[in-house]
Amino acid sequence: MSRFSPDNPLRVCYFGTYRASYTRNQIILKGLQAQPDVTVTVCHATLWQGIEDRVAQASGGWRRPAFWRRVAEAYRQLIRRHRAAPDYDVMLIGYPGQFDAFLGRRLAHARGRPVALDILMSLHLVAEERGLIAAHPTTGRLIFRLEQSGLRRPDLLIAENPEYGQYIAAKYDLPAEQFRFVPHGADETVFHPRPVQPPLDHFRVTYHGGYLPSHGMDAILGAAALLRDDENVRFHFYGSGPEKERIVRLADEWALPNVTFHGFVSQDELLDSLAQAHVCLGVFGTTRQAQFTIQNKVWEGLAMGRAVVSGDSPTIRAALADRQEVYLIERDDPAALAAALRALRDDPAWRERMAAAGHTRYLAGNSIAAVGRQMKEALLMLVEDF
């Protein structure tokens, strides 16, 4: 039995230059704070200005003195904030924190406290899949070595699931017993069923998120092309990313009448659009990153109470029942996606049963409280064993 209770809570220091607005960090923080026997002290400093900034630094910007001055100032802030932080039982480094682990270990161990790192994604794998490693091989080698060394600093490594954990352990020669697993989720204070309903005069299919190679945007557009003569099916795209310009140009070349690109919109407009979708789309790419994780957009669609179609993989099958809680198809297969959409359009009762079951499954294991509980359990094991 744990020695911690509401009267004697587990004290967590959430540490690093992590992306404060990133969904994973928001859910972990809210999830831990939702536990009655946990208190959280935030020890954060801003280093990165956004994805474009990270890409620019990985593309050679890291060689400039101005970047290293930024790094030095961010870590000076972290040291000051850690010095002022009250005592804690465990340090949890947020994503991305592989490079923060060098400083985090030193500071936490100086207080006699263990360190956990929420890996979430391999920085080297992400850079590789976005073409940065091929374009900048010296930077790629540096990222690999720094990530490998950084992953050896914490006392515990948190991965999203066993498949991703096994990949990282093999890639960097890390002991499997050092890993625990805390899944992705969605923030139900934002993503939840809304009173607006899908339209009656057409079948609405919605994609939201980044236009990334791992997301399989070509498969979605290919399905739209196959359904172009079916005036009943309409696709709506929300978001942006490195692939957007190419995808929009391709849709124009194909003159697709059933596709609308909305770009970034207000949160309320996005949520109403998801609530009005008959089907929300997940990810259909074939990259390792795509297959090792269950992306936020999958859980967000389920949290909205909508039916979700996504690409098949052992990872998603381990979490969700095919054709019962989610509709899984072969990846990078426009014909399979088009067939899935027709099937769900033509059987609304089945579609709504699947949406309801998926929503129930989300609430049980991937809501804020559920994710926070699983992170708490992983941290408790570390504290008890340290």
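Remember, predicted model here, so these are calculated numbers, not experimental data.

A. Region of the structure containing the packing of aromatic side chains. Using the criterion set out here, one finds 11 aromatic pairs in the structure. Just above the ring of Y327 sits the side chain of R323; from NZ or CZ to the centre is 3.9 Å.

B. Highlighting the nonpolar core. Core analysis: the biggest nonpolar cluster contains 43 residues, and F15, L151, I168, L174 and F179 have the highest contact counts within it. Apart from the residues within four sequence positions on either side, F179 is in contact with I119, L156, L157, A159, G165, I168, A169 and L174. Counting residues in hydrophobic clusters, the runner-up holds 34 residues, among them F203, L281, Y327 and W350.

C. Main features of the sheet that holds strand β1 (residues 10–16). Taking strand neighbours across the sheet as the criterion, the six strands line up as β2-β1-β3-β4-β5-β6 in an open arrangement whose pairing is parallel. Of all strands in the sheet, those with a lone pairing partner are β2 (38–44) and β6 (179–181), marking the two edges. Taking the axes of each pair of neighbouring strands and ignoring which way they run, one obtains an average angle of 25° across the sheet. With respect to the sheet, helix α1 (residues 23–33) is in contact with β1, β2, β3 (90–93), β4 (115–118) and β5 (156–159), its orientation differing from that of β2 by roughly 145°.

D. Spotlight on the sheet that holds strand β11 (residues 307–311). Taken in spatial order, the six strands of this open sheet run β9-β8-β7-β10-β11-β12, and their pairing is parallel. The open sheet has two free edges, formed respectively by β9 (259–263) and β12 (327–329), since each of these has just one partner strand. For this sheet, the mean inter-axis angle between neighbouring strands, taken without regard to orientation, is 25°. Sheet analysis places β11 next to β12, joined by three bridges and oriented parallel. Among the inter-strand pairings, G311 is bridged to a residue of β12, identified as I329. Seen against the sheet, helix α13 (residues 296–303) touches β7 (203–208), β10 (279–281) and β11 and runs at an angle of roughly 165° to β11.

E. Just the pattern of salt bridges, in detail. If you walk through the whole model with that rule in mind, you get 21 salt bridges. As a salt-bridge pair, R76 and E73 come within 3.0 Å of each other at their nearest N and O atoms. Residue R76 and its partner E73 are both found in helix α3 (residues 65–84); the two are separated by three residues, about one turn of the helix. Residue R76 is classed as partly exposed on the basis of its relative accessible area of 44%.

F. Geometry of helix α4 (residues 101–110). Inspection of α4 places A101, L103, G104, L107 and A108 among the buried residues, and these make up the whole buried set. The arc that holds every buried residue of α4, seen down its axis, measures 155°, which confines them to one face. Opposite its buried face, α4 presents the exposed residues R106 and A110, each directed more than 90 degrees away. At its buried positions, α4 is contacted by β1, α3, β3, β4 and α7 (137–151). Just beyond α4, the residue with positive phi is G112, at close to 75°.

G. Here's a closer look at the packing of helix α16 (residues 348–365) against helix α17 (residues 368–385). Axis separation between α16 and α17 bottoms out at 5 Å; the angle between their running directions is 35°. The residues of α17 that touch α16, namely those facing L363, A364 and G365, are A370, V371, R373 and Q374. Grouping the constituent residues of the contact of α16 with α17 by class yields four nonpolar, two polar and one charged.

H. Representation of the environment of G285 in the model. Summarising the element assignment, G285 is placed in the loop between β10 and α12 (288–292). Linking G285 and H202, residues 83 residues apart in sequence, is a C-alpha distance of 27 Å. Every residue in contact with G285, bar those within four places of it in the chain, is listed here: P213, S214, H215, G216, A290, Q291 and R331.

I. Structural context of the side chain of H124. Following the sequence through the fold, H124 ends up in helix α5 (residues 123–129). Judged by its relative accessible area of 9%, H124 is buried. One polar contact links H124 to K171, side chain to side chain, over a distance of 3.1 Å. Leaving out residues up to four positions away in the same chain, H124 has contacts with I133, G140, I143, F144, E147, K171 and Y172.

J. Structural view of the packing of helix α15 (residues 334–346) against α16. As a packed pair, α15 and α16 sit with axes 5 Å apart at the nearest point and diverge in direction by 100°. In terms of axis orientation, α15 runs roughly perpendicular to α16. Along its contact with α15, which presents A343, L344, R345 and D346, the element α16 presents P348, W350, R351 and M354.

K. Expanded view of the environment of Y75. Residue position: Y75 is located in helix α3. For the pair Y75 and L103, spaced 28 residues apart in sequence, the C-alpha to C-alpha distance is 8.1 Å. Every residue in contact with Y75, bar those within four places of it in the chain, is listed here: T17, F99, D100 and L103.

What counts, and where the lines are drawn
- Throughout, a residue's number is its position along its own chain's written sequence, starting from 1.
- Owing to the predicted nature of the model, reporting of local features is limited to residues with pLDDT of at least 70; listing and counting of side-chain atom pairs is limited to 80 or more, with chain, interface and lining totals taken over all residues.
- To obtain the side-chain values, all non-hydrogen atoms of the structure were used and water was disregarded.
- Here the aromatic set is Phe, Tyr and Trp, taking the six-membered ring for Trp, and pairing holds for ring centres within 6.5 Å; pairs whose planes are under 30 degrees apart are stacked, those over 60 apart are edge-to-face, and all others are tilted.
- In this analysis the charged atom, NZ for Lys or CZ for Arg, is taken to sit over a ring once it is within 6 Å of the ring centre and within 35 degrees of the ring normal.
- Grouping buried Ala, Val, Leu, Ile, Met, Phe, Trp, Tyr and Cys residues that are joined through side-chain atoms within 4.5 Å yields what is termed a nonpolar core.
- Relative accessible area decides the class of each residue, using a 1.4 Å probe on protein chains only: under 20% of the type maximum gives buried, over 50% gives exposed, and in between gives partly exposed.
- Contacts: residue pairs with any heavy atoms within 4.5 Å of one another.
- Two strands are counted as paired when DSSP detects at least two bridges linking them.
- Helix numbering and strand numbering both begin at the N terminus, where a helix is a DSSP run of H or I of at least 4 residues and a strand a DSSP run of E of at least 2.
- Angular values range over 0 to 180 degrees, each being the angle between N-to-C directions of two axes fitted as lines to C-alpha atoms, with helices fitted over their stretch in contact.
- We define a salt bridge as a contact between a side-chain nitrogen of Lys or Arg and a carboxyl oxygen of Asp or Glu at a distance within 4 Å.
- What the arc covers is the set of directions going from the helix axis to the C-beta atoms.
- Only Asp, Glu, Lys and Arg are considered charged in this grouping, and only Ala, Val, Leu, Ile, Met, Phe, Trp, Tyr, Cys and Pro are considered nonpolar; every other residue, Gly among them, is considered polar.
- For the purposes of these results, a polar contact is taken to be a pair of N or O atoms within 3.5 Å, where, inside protein, one atom must be able to donate a hydrogen and its partner to accept one; residues adjacent in sequence count only when each atom of the pair is a side-chain atom.
- Our angle categories are set so that under 35 degrees counts as roughly parallel, over 145 as roughly antiparallel, 65 to 115 as roughly perpendicular, and the remainder as oblique.

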